[in-house]
Amino acid sequence: MSNEDFEKKLNELGLNKKDFSRISGAAYQTITNWRQKEGIPAWVRPFLNYYEQAKEFQNMLSVMEKYRGYA
């Protein structure tokens, strides 16, 4: 994953690097250093994919909750 892809995915998910730091447990300074020297670690792509799936699942549950009791 390139830094450009990482930042694009964060944007798509409505996150910034501070949000990502908080939810992933990675130090913010470490995340900002990825751009300059380390590159994006391999674990970041699957982490963001699982985060996206969880977010979509939570949205589905919220929609379903509105209709609970209509059956």
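See the structure printed just above.
## Some remarks on the overall build of the chain
- Looking only at helices and strands, one finds four helices and zero strands in the chain.
- Ordered by position from N to C terminus, the α and β elements of the chain give α-α-α-α.
- A globule of 71 residues ought to have a C-alpha radius of gyration of about 11 Å, yet the chain, at 15 Å, is considerably larger.
- Along the longest, intermediate and shortest principal axes, the C-alpha atoms of the chain span 55 × 20 × 15 Å.
- Sequence-distant contacts, at least 24 apart, represent 53% of the contacts inside the chain between residues at least 6 apart.
- Surface summary for the chain: the accessible area is close to 5,400 Å², and the carbon and sulfur share equals 50%.

Definitions and cut-offs
- Residues numbered from 1 in each chain as written.
- Predicted model: local features only at pLDDT ≥ 70, side-chain atom pairs only at ≥ 80, totals over all residues.
- Heavy atoms only, no water.
- Helix = DSSP H or I, 4+ residues; strand = E, 2+ residues; numbered from the N terminus.
- Rg over C-alpha atoms; globule rule 2.2 N^0.38 Å.
- Contact = heavy atoms within 4.5 Å.
- Areas by Shrake-Rupley, 256 points an atom, 1.4 Å probe, with all protein chains shown as cover.

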